[in-house]
Amino acid sequence: MLDLIERVGNRLPNAIMLFVWLSGIVILVSIVAAAAGLAGVHPGTGETVVAQNLLAADTVRRFLVEMPRTFTGFPPLGTVLTVMIGIGIAERTGLIAAALGGMVRRVPGPFLALALVFAGIMSSLAVDAGYVVLVPLGAAIFAAAGRHPIAGLAAAFAGVSGGFSANLLVTALDPLLGGISQVAAQILVPDYQVLATANWFLMIALVPAFSLAGAFVTARIIEPRLGRWEPVADAPVAPHAETPAERRALKATGLAALVLVLVLVVLTVPEGAVLRDPQTGSLEPFYQAIVAITMVALAGLGIVYGRAMGNIRTSEDAIAMASDAMAAMASYILLAFVAAHFLALFSWSNLGVLLAIGGGEALRASGLGGVPLLVAMILVSGFINLFIGSASAKWAILAPIFIPMFMAVGITPEATQAAYRIGDSVTNIVTPLLVYFPLILVAAQRYVPGLGIGSLIATMTPFSIAFLLAGLGVLIAFLLLEIPLGPGTSVSMPPVAPPAATTG
């Protein structure tokens, strides 16, 4: 099956032309859908959503006028380029190779994939930074250990993206989804409250389930299928022995890292600290600054290491390293340009919203109840996630459909939200429409030049299936054993009848 996926996928045009073709397909479908009068009622706002003809004069005008803004507003672009400044310096001074080599020597081989998947899952605390930093590092770590780097990249990617619904701590996504769930629940129960910790216990249970599933897939399926890796000349990290000079430079860099940690403590811990919200005292500014902090930390530590190793003697050396890193991103920048405009066209056409509304209504009409209903919802959410990336945008559409419907059969909004989160995350890693998918593909091609979209999707498919089965198993266990999904959160509730119809 994986070989078939790979063959079919690799027959597609390269990633840049794929998005060009997809844009053309969306334009044609929008013309047909608009001519047919395709429409639906948005369950959250009550507004009628109509398919838009992308060749209409106002849309063509918008496409041309907003082209620069559409490109520069592409969500991953600023994140990727900002972090790459720091990564470029840290990589070219040799810091990343030396640090990863030390890590590889200290982590037993059988636990390397487990550690990567776990780190990927926990990276959701830093929102999207895991895509930019951890996934390429996963490949480098495996390369440093003499193992196939694509397996390391896949393990990290699975954790970062497929494990987005799991974490040991509450993430920034929890209050966002909880707020949407609360509004949907109040359609039937006006004073219903959904806490940010509504799925916390389930999230904790998913961490070991996903970590073990990811490690198993890496060791038993992905590495045997990939076979032996023959290092290419420009691979970012190759296995090497640690030298006395590297040990001294790493000690100096470790002291600098300690100073950096102390600075971050001063900036975040005290009341009224710079990276706390002045009104609420929350750490939201710190979370939003993670990308900038990562860039500064990598660049600063890279400079310290480079000075200790003699790789950086003047500021010009560091500037040249950062410039080289940005030059290497040229293909990604072009890919981001076409991907940004495809996603914009897809959004303007309203086809994604109509697909979500249609999927929700189909599930409503299925007549399922209890656990089968939640399982069906996971599958529907996973399918819709192939086309719409934003977790909050999808949930804003689906929550007003699913939550009242599930409350009517005795399933709490918290359980409904949990099912949605599992379905929403497990297919992230197999859709080329994920905004970070082009970045992952470019990172993989640094180790296997010419690696195609089909090869990457085939590599990630076993992770997607394993995470889906693990997520289903954990959620069903919570439901059947009536384990709370979070503090003070029950799984079931008395069925709630819809409000009586009124006339006026």
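Quick notes on the rules
Residues numbered from 1 in each chain as written. Predicted model: local features only at pLDDT ≥ 70, side-chain atom pairs only at ≥ 80, totals over all residues. Heavy atoms only, no water. Helix = DSSP H or I, 4+ residues; strand = E, 2+ residues; numbered from the N terminus. Rg over C-alpha atoms; globule rule 2.2 N^0.38 Å. Buried < 20%, exposed > 50% of the residue type's maximum accessible area, 1.4 Å probe, protein only. Contact = heavy atoms within 4.5 Å. Areas by Shrake-Rupley, 256 points an atom, 1.4 Å probe, with all protein chains shown as cover. Core = buried A, V, L, I, M, F, W, Y, C linked by side-chain atoms within 4.5 Å. Axes fitted to C-alpha atoms, helices over the stretch in contact; angles between N-to-C directions. Parallel < 35°, antiparallel > 145°, perpendicular 65-115°, else oblique. Left-handed = near helix turned anticlockwise from the far one by under 90°. Nonpolar A, V, L, I, M, F, W, Y, C, P; charged D, E, K, R; others polar. Polar contact = N/O pair within 3.5 Å; in protein donor to acceptor, adjacent residues only side chain to side chain. Patch = residues over 30% accessible without salt bridge, like charges linked within 9 Å, V, L, I, M, F, W, Y side chains within 5 Å. Salt bridge = Lys/Arg side-chain N within 4 Å of Asp/Glu carboxyl O. pLDDT = per-residue confidence, 0-100. Phe/Tyr/Trp six-rings, centres within 6.5 Å; stacked < 30°, edge-to-face > 60°.

Draft legend 1. Layout of the overall build of the chain. The helix and strand inventory of the chain stands at 22 helices and two strands. The C-alpha atoms of the chain give a radius of gyration of 24 Å, which matches the 23 Å a tight globule of 504 residues would have. Projecting the C-alpha coordinates of the chain onto the three principal axes gives extents of approximately 80 × 50 × 50 Å. Classification of the 504 residues of the chain by burial places 50% in the buried group. Taking the contacts inside the chain whose residues are at least 6 apart along the sequence as the reference set, 80% of them involve residues at least 24 apart. Carbon and sulfur atoms make up 68% of the accessible area of the chain, which totals about 21900 Å².

Draft legend 2. Quick peek at the nonpolar core. Membership of the largest hydrophobic core comes to 140 residues, with the highest contact counts inside it found for Phe157, Leu202, Tyr332, Trp395, Met460 and Leu475. Contacts of Leu475, omitting those with residues within four sequence positions, involve Leu202, Ile378, Ala418, Ala419, Ile422 and Leu485. The next biggest cluster of nonpolar side chains, apart from the first, holds six residues, and it includes Ile89, Ala299, Ala318 and Ala322.

Draft legend 3. Structural detail: unusual backbone geometry. We note that Asn350 has phi near 70 degrees; this positive angle belongs to a residue other than glycine. Summarising the element assignment, Asn350 is placed in the loop between α16 (330-349) and α17 (351-364). If you check the backbone angles, Glu482 has positive phi at about 55 degrees while not being a glycine. A relative accessible area of 58% means that Glu482 is categorised as exposed.

Draft legend 4. Representation of the packing of helix α5 (residues 75-92) against helix α14 (residues 290-309) in the model. Direction vectors running N to C along α5 and α14 enclose 15 degrees, while the axes themselves pass 7 Å from each other. Put simply, α5 runs roughly parallel to α14. The handedness of the crossing between α5 and α14 is left-handed. Of the residues in α14, those in contact with Thr79, Thr82, Val83, Ile85, Gly86, Ile87, Ile89 and Ala90 of α5 are Val291, Thr294, Met295, Leu298, Ala299, Gly302 and Ile303. Taken together, the residues of the contact of α5 with α14 break down into ten nonpolar, five polar and no charged.

Draft legend 5. Expanded view of the side chain of His341. Relative to the elements of secondary structure, His341 occurs in helix α16. Judged by its relative accessible area of 6%, His341 is buried. A distance of 3.3 Å separates the side chain of His341 from the backbone oxygen of Met67, its partner in a polar contact. Setting aside anything within four residues of it in sequence, one finds His341 in contact with Phe63, Met67, Thr70 and Phe71.

Draft legend 6. Summary view of a nonpolar patch on the surface. Where nonpolar side chains cluster on the molecular surface, the patch consists of Phe118, Leu168, Leu169, Phe201 and Ile204 and spans about 380 Å² of accessible area. Leu168 gets classed as partly exposed once you look at its relative accessible area, which sits at 33%.

Draft legend 7. Spotlight on the packing of helix α11 (residues 200-226) against helix α22 (residues 453-481). At a minimum axis separation of 9 Å, α11 and α22 run at an interaxial angle of 150 degrees. As summarised for this structure, α11 and α22 are arranged roughly antiparallel, according to the angle between their axes. Between α11 and α22 lies a crossing whose hand is right-handed. The residue inventory of the contact of α11 with α22, partitioned by class, reads 20 nonpolar, four polar and one charged.

Draft legend 8. How the structure looks around the pattern of salt bridges. The final tally for this structure, using the stated rule, is nine salt bridges. Between Glu66 and Arg62 there is a salt bridge; the shortest N-O distance is 3.4 Å. Residue Arg62 is classed as partly exposed on the basis of its relative accessible area of 37%. Through salt bridges that share partners, Asp3, Glu6 and Arg225 make up one connected network.

Draft legend 9. Structural detail: the confidence of the model for the chain. Summing up the model confidence of the chain, the mean pLDDT is 85 and the portion of residues at 70 or higher is 92%. By mean pLDDT, helix α6 (residues 95-106) is the weakest element of the chain at 71, and α11 is the strongest at 95. Here residues 500-504 scores under 50 on pLDDT; set against residues more than four positions off or in separate chains, the count is zero contacts.

Draft legend 10. Inspection of the packing of aromatic side chains at higher detail. Counted according to the given criterion, the structure contains ten aromatic pairs. For the pair Tyr131 and Phe157, a centre-to-centre distance of 6.4 Å together with 65 degrees between the ring planes defines the contact as edge-to-face. On the criterion of sequence distance, the pair formed by Tyr131 in helix α8 (residues 129-144) and Phe157 in helix α9 (residues 149-162) is long-range, its members being 26 residues apart. Comparing Tyr131 with Phe157 shows no difference in burial state: the two are buried.

Draft legend 11. Geometry of the environment of Phe402. The residue Phe402 is located in helix α19 (residues 391-407) in this model. Sequence-wise, Phe402 and Ala219 are 183 residues apart; in three dimensions their C-alpha atoms are separated by 38 Å.

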